[in-house]
Amino acid sequence: MSELAVQTGPAQAGPAPLIAPSPAKARPALAYRPEIDGLRALAVLPVLFTHAGFAGLGGGHLGVDVFFVISGYLITAILLRELDREGRVSIIDFYERRARRILPVLFVVVAASFVAAWIVMLPKEFRDFGQSMVATGSFLSNIFFASENGYFLRASDFKPLLHTWSLSVEEQFYLVFPLLLAGLAWLAPGRVAMILAALALASFGWALHGTRVAPDSNFFMPLGRGWELLAGAMLACWGGAAEWRSRRPAWLLDALSMAGLVAILAAYLLWDDTTPNPGLPTLLPVLGACAIIAFAAPGTLAYRLLTLRAMVGIGLVSYSAYLWHQPLFVFTRLLVGDLPGWGWGAMIAATLLIAWASWAVIEAPFRDRARIGRGAVFGFGGAGLAAMIAAGMAVHLQGGLPGRLDETRLLLASAQTDVSPYRDSCGNSLPESFDGYCVFGETAGPTVAFIGDSHGKELFWRASERAGEEGFAVQAFLWNACLPVALPEDARGCAEFVVQAREHIIASPEIEIVVISANWSRYLGCGDLCYGEDYGPMPAARVAAIGAALRREIAAYAEAGKSVLLVSQIPTMPWDIPRHLNARALRDGGIAEIGVAIDSHLERAAVAIDTVEPLEALPGVEVLRPRRVFCADGRCPALRGDRPLYFDDNHLNGHGAEALLSMLMPRLDAMIEG
């Protein structure tokens, strides 16, 4: 996203230059290539359309990979030209160019996002935003977002600075690349491209490994992305490209450049957010970009398409468009919710208009050395980064500054943070032993085991607070997003956790009751009736397999003398409740009762209900039906009194879990006494 412009002025003398010999064969002067601006437009537009939620461009995020190739090509070409002219690479000059290019607009975008976040966000979100400011200011946002969650999760739609991960990847790459290039030119001037190719292959191998073992973190990390930048760098090392093109027939250049264009478009259309990236599929946009850079000579169809006035214009402002689009989209969703197609089309148009103004008022002036000197650039850049980090740290340390909010919004903020202290523990990893693992309450009495996914964590938490006084203990076996029964085809780590948890429960005489709870619709499906994410419809064979596995699991517990309490599907909501009510409070000054019709809940949860609730006919099994707690008079409200029952759209918070506990505790007492 932050590739330098092709044109560059004479290198200024700077302190501490890195000396390297000039390559034997001088390269031609760098000329402006409008087709590369068109390629930038082809990279940024699909990103905007994909992030706006338009269907048909599931792989639009791969525009970032095209940007990486462009960046590697242009920056390497500039560095090699500098080696030709000066016999050296000036690190000071290099980072001056980087600072002029990326920092001014970045500072304005982050500052505007900070103001919007101050006004709109609840403390938890604002605290997270502050953390992302620190990460962005230190060019570590890729690592920060990799540690939080995947790029494609729904939560990503509400992170204004998520897209800065790509800037961090580039800056981390360019910490070492100029030194590497100059060192290779000094030590092995005839083998630079060959060595870069070997490094690219190693990086590509690392990416393939990462798609198998850690796909989320692999997406964000520079080791798996380096080959994309190096692909462009190798093109720049091919100094005879223009000469090669001049000796080839027009039809061949046409075919090769159009093949590149088709490859990029095919990647956008064929791939989606489940496609491993970076990985084998990423070759399509990367090689496509390389083909366009190498073969789209004037006169070819690809050149004519990419140099259309609109394409070149969008390409010129592509960096600003990329930086502005994510916060504009995020704060629109936070304030208004999702938009219809025409609304997102208007947002994309507004993004491009703001990008043009940003380019004209901020980018162009700062890239003019005659207007703004090196000292001012470094001073401004250092102060801006320091201010970004300091402001973000202050927001984090102050817990998102809750004092900004009125009483109504503070109540909504408390609903977001009323979550189990065991949400990231008591599961999510396989312990060495389950003996004494997450046990709370009166251990001299019987133990109740809670097994399931994240839907059981708040219920377990509230039960753990009551267990001691009720004379029993509770033990948790809860792994987020993990089906609480293991199927043979489930090879994830949580499946092994479920198997070992079951073996421990069966072998533990003190465990008398097993509570099984889950977001059943996640695994059994609800098709187009799902809110937010579409989990299905699941294949009938999968549904049947889960039902059979549940029966086997229950039979194993019954044979071991355990009673089983199954918690059926809780009502889920079409909105993130605190966030949705916060937007209402900002727009209308208050909140109103919201919820879903019970018929809608029953229709949406039909597969889950039909799979789970008939199991009550088995010996030793009882079923808890949450709708009897949360639904009345034909409605399933999202609030009880003026307090939300959920911390998002499908997880009960502590208040909601307390309501469900009013049904659970009498059943547990009766089962223990019986």
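No experiment lies behind these values; they were computed from the predicted model shown. Sequence positions are assigned chain by chain, starting from 1 and proceeding in written order. The predicted origin of the model limits local features to residues at a pLDDT of at least 70 and limits the giving and counting of side-chain atom pairs to 80 or more, whereas totals for whole chains, interfaces and linings rest on all residues. Side-chain metrics rest on all non-hydrogen atoms present in the structure, leaving aside hydrogens and water.

A. Seen up close, the overall build of the chain. Counting its secondary structure elements, the chain contains 27 helices and 12 strands. Taken over the C-alpha atoms alone, the chain extends approximately 90 × 50 × 45 Å along its principal axes. Here the contacts in the chain between residues at least 6 apart in sequence split such that 80% fall between residues at least 24 apart. Working definition of accessibility: Shrake-Rupley area with a 1.4 Å probe, residue cover restricted to the visible protein chains. Total accessible area computed for the chain in this model is approximately 26,500 Å², and 63% of it derives from carbon and sulfur atoms. A run of H or I in DSSP becomes a helix once it reaches four residues, and a run of E becomes a strand once it reaches two; helices and strands are each numbered from the N terminus. In what follows, a contact means two residues having at least one pair of non-hydrogen atoms within 4.5 Å.

B. Representation of a nonpolar patch on the surface in the model. A cluster of nonpolar residues, Val-115, Trp-118 and Ile-119, forms a patch on the protein surface that exposes about 290 Å² of accessible area. Mapping Trp-118 onto the fold places it in helix α3 (residues 91-120). Exposure classes here rest on a 1.4 Å probe applied to the protein chains alone. A residue is buried below 20% of its type maximum, exposed above 50%, and partly exposed in between. With a relative accessible area of 39%, Trp-118 lands in the partly exposed category. Here the term patch refers to residues with relative accessible area over 30% and no salt bridge, with like charges joined within 9 Å and nonpolar side chains (Val, Leu, Ile, Met, Phe, Trp, Tyr) within 5 Å. Salt bridge, as used here, is a side-chain nitrogen of Lys or Arg placed within 4 Å of a carboxyl oxygen of Asp or Glu.

C. Here's a closer look at the pattern of salt bridges. Scanning the model with the defined rule gives 29 salt bridges in all. Measuring nitrogen to oxygen at the nearest pair gives 3.0 Å for the salt bridge that ties Arg-225 to Glu-228. In this pair, Arg-225 and Glu-228 both sit in helix α9 (residues 222-237), three residues apart, roughly one turn of the helix. By relative accessible area, Arg-225 is classed as buried at 1%. According to the relative accessible area criterion, Glu-228 is buried, its value standing at 0%. A salt bridge links Glu-658 to Arg-466; the shortest N-O distance between them is 3.4 Å. Residue Glu-658 is found in helix α27 (residues 654-673), and its partner Arg-466 is found in helix α19 (residues 457-470); the two are separated by 192 residues along the sequence. Each member of the salt-bridge network shares a partner with another, and the members are Asp-93, Glu-96, Arg-100, Arg-369 and Arg-374.

D. Geometry of the nonpolar core. Within this scheme, the nonpolar core is defined by two criteria: the residues are buried Ala, Val, Leu, Ile, Met, Phe, Trp, Tyr or Cys, and they are joined through side-chain atoms within 4.5 Å. Counting 113 residues, the largest nonpolar core has Leu-39 and Phe-177 as its most contacted members. The element that contributes the greatest number of residues to this core is helix α2 (residues 63-86), accounting for 13 residues. Ignoring any residue separated from it by four or fewer positions in sequence, one finds Phe-177 in contact with Thr-76, Leu-79, Leu-196, Leu-230 and Ala-233. Judged by nonpolar contacts, the second largest core, of 83 residues, contains Val-485, Ala-501, Met-573 and Leu-615.

E. Structural detail: the state of the cysteines. Here, two cysteine sulfur atoms that lie within 2.5 Å of each other are counted as a disulfide. Evaluated as defined, the whole model comprises three disulfides. One disulfide bridge connects Cys-426 with Cys-438, the sulfur atoms lying 2.1 Å from each other. Residues Cys-426 and Cys-438 share a disulfide whose torsion about the S-S bond is about -100°; that sign makes it left-handed. In this pair, Cys-426 is assigned in the loop between α18 (407-417) and β3 (439-441) and Cys-438 in the loop between α18 and β3, connecting sequence segments 12 residues apart. A relative accessible area of 5% places Cys-426 in the buried class. Two residues share a disulfide in this structure: Cys-631 and Cys-636, whose sulfurs sit 2.0 Å from each other. Across the disulfide from Cys-631 to Cys-636, rotation about the S-S bond amounts to roughly 100°, and the bridge is consequently right-handed. Each of the two residues, Cys-631 as well as Cys-636, counts as buried. We note that Cys-237 lacks a disulfide partner, and the nearest cysteine sulfur, in Cys-290, lies 12 Å from it. Overall, Cys-237 belongs to the buried group, its relative accessible area being 13%. Judged by relative accessible area, which is 13%, Cys-290 ranks as buried.

F. Layout of the packing of aromatic side chains. Two rings from Phe, Tyr or Trp (for Trp, the six-membered ring) form a pair when their centres are within 6.5 Å of each other. A pair whose planes differ by under 30 degrees is stacked, one over 60 is edge-to-face, and the rest are tilted. Per the stated rule, a full pass over the model turns up 28 aromatic pairs. With a centroid separation of 5.3 Å and an interplanar angle of 65°, the aromatic rings of Phe-107 and Phe-380 are classed as edge-to-face. Placement of the pair is Phe-107 in helix α3 and Phe-380 in helix α17 (residues 374-397), with a sequence separation of 273 residues. Ring pairing ties together the aromatic residues Phe-94, Tyr-95, Phe-173, Tyr-174 and Phe-177, which thus form one cluster. Working rule: Lys NZ or Arg CZ, within 6 Å of ring centre, within 35 degrees of ring normal, means a charge sits over the ring. Looking at Arg-225, its charged tip hangs above the ring of Phe-219, at a distance of 4.7 Å from the centre. Sitting over the ring of Trp-461, Arg-462 keeps its end group 4.2 Å from the ring centre.

G. The side chain of Arg-627, seen in detail. Tracing the backbone shows Arg-627 in helix α26 (residues 627-630). Arg-627 sits in the buried class, given a relative accessible area of 15%. Residues contacting Arg-627, with those up to four places away along its chain left out, are Ser-568, His-601, Leu-602, Ile-609 and Glu-613.

H. Quick peek at unusual backbone geometry. A cis geometry characterises the amide bond from Asn-277 onward to Pro-278, with omega recorded as 0°. We note that Cys-438 has phi near 50°; this positive angle belongs to a residue other than glycine. Residue Cys-438 is classed as buried on the basis of its relative accessible area, which comes to 16%. Phi angles above zero are rare outside glycine, and Asp-633 is one such case at about 55°. Inspection of the secondary structure puts Asp-633 in the loop between α26 and β10 (635-637).

I. The packing of helix α4 (residues 123-137) against helix α5 (residues 141-148), seen in detail. A fitted line through C-alpha atoms represents every axis, and for helices the fit uses only the stretch in contact; the resulting angles, taken between N-to-C directions, go from 0 to 180 degrees. Two numbers describe how α4 lies on α5: the axes approach to 7 Å, and their chain directions differ by 145°. Mapping the contact onto sequence places Asp-128, Gln-131, Ser-132, Ala-135 and Thr-136 in α4 and Ser-141, Phe-144, Phe-145 and Glu-148 in α5.

J. Structural view of the side chain of Gln-172. Along the chain, Gln-172 falls in helix α6 (residues 165-187). Here Gln-172 falls in the buried class, since its relative accessible area comes to 17%. Residue contacts for Gln-172: discarding those within four places in its chain leaves Phe-139, Leu-140, Asn-142, Ile-143 and Pro-222.

K. Expanded view of the environment of Val-439. Looking at the secondary structure, you find Val-439 in strand β3. Taking the relative accessible area as the measure of exposure, Val-439 reaches 28% and is therefore partly exposed. Placed 407 residues apart in sequence, Val-439 and Tyr-32 show a C-alpha to C-alpha distance of 68 Å. Non-local contacts of Val-439, meaning those with residues more than four positions away in its chain, are made with Ala-473, Val-474 and Gln-475.

L. Spotlight on helix α12 (residues 283-295). A helix is expected to reach a length of 1.5 Å times the quantity of its residues less one. In this model, α12 (13 residues) spans 17 Å end to end at C-alpha, consistent with the 18 Å of a helix rising 1.5 Å per residue. Of all 13 residues in α12, 10 are buried, a share of seventy percent or more. Taken together, the buried positions of α12 are occupied by Pro-285, Val-286, Gly-288, Ala-289, Cys-290, Ala-291, Ile-292, Ile-293, Ala-294 and Phe-295.

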